[in-house]
Amino acid sequence: MKADKTMLIGELIHMDPQIPQILMEAGMHCLGCPSSQMESLEDACAVHGMDVNALLERINAVLPE
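Reading the values: rules and limits
- Residues numbered from 1 in each chain as written.
- Predicted model: local features only at pLDDT ≥ 70, side-chain atom pairs only at ≥ 80, totals over all residues.
- Heavy atoms only, no water.
- Helix = DSSP H or I, 4+ residues; strand = E, 2+ residues; numbered from the N terminus.
- Buried < 20%, exposed > 50% of the residue type's maximum accessible area, 1.4 Å probe, protein only.
- Lys, Arg positive; Asp, Glu negative; His and termini not counted.
- Salt bridge = Lys/Arg side-chain N within 4 Å of Asp/Glu carboxyl O.
- Polar contact = N/O pair within 3.5 Å; in protein donor to acceptor, adjacent residues only side chain to side chain.
- Contact = heavy atoms within 4.5 Å.

Here the focus is the environment of G49. Checked against the element boundaries, G49 lands in the loop between α3 (41-48) and α4 (52-62). What makes G49 exposed here is its relative accessible area of 69%.

Turning to its location among the elements, D16 is positioned in the loop between α1 (9-12) and α2 (19-26). Here D16 sits buried without a salt bridge, and the closest side chain of opposite charge, K2, lies 10 Å off (N-O distance). Within the local environment of D16, its side chain forms a polar contact with the backbone nitrogen of Q18, the two atoms lying 2.8 Å apart. Once residues within four sequence positions are removed from consideration, D16 is found in contact with V62 and L63.

Right under this line is the structure:
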């Protein structure tokens with residue numbers, strides 16, 4: 001399974017235990033905020049000024065094929 005930029009943060013953090021750490025290391029420290037759970041990765045990256053494609057590569061690198 002691969003992640004994509006339209007997936008919600010809430011979905012992503014349940015895909016693999018490494019994903020919350022990847023998001024935190026990237027600067028998304030609001031994972032516990034209820035509104036962040038309903039935000040897409042693309043929207044969250046826009047708010048934080050991050051490159052969604054680069055972050056998506058890091059996330060997909062830890063997911064099984």
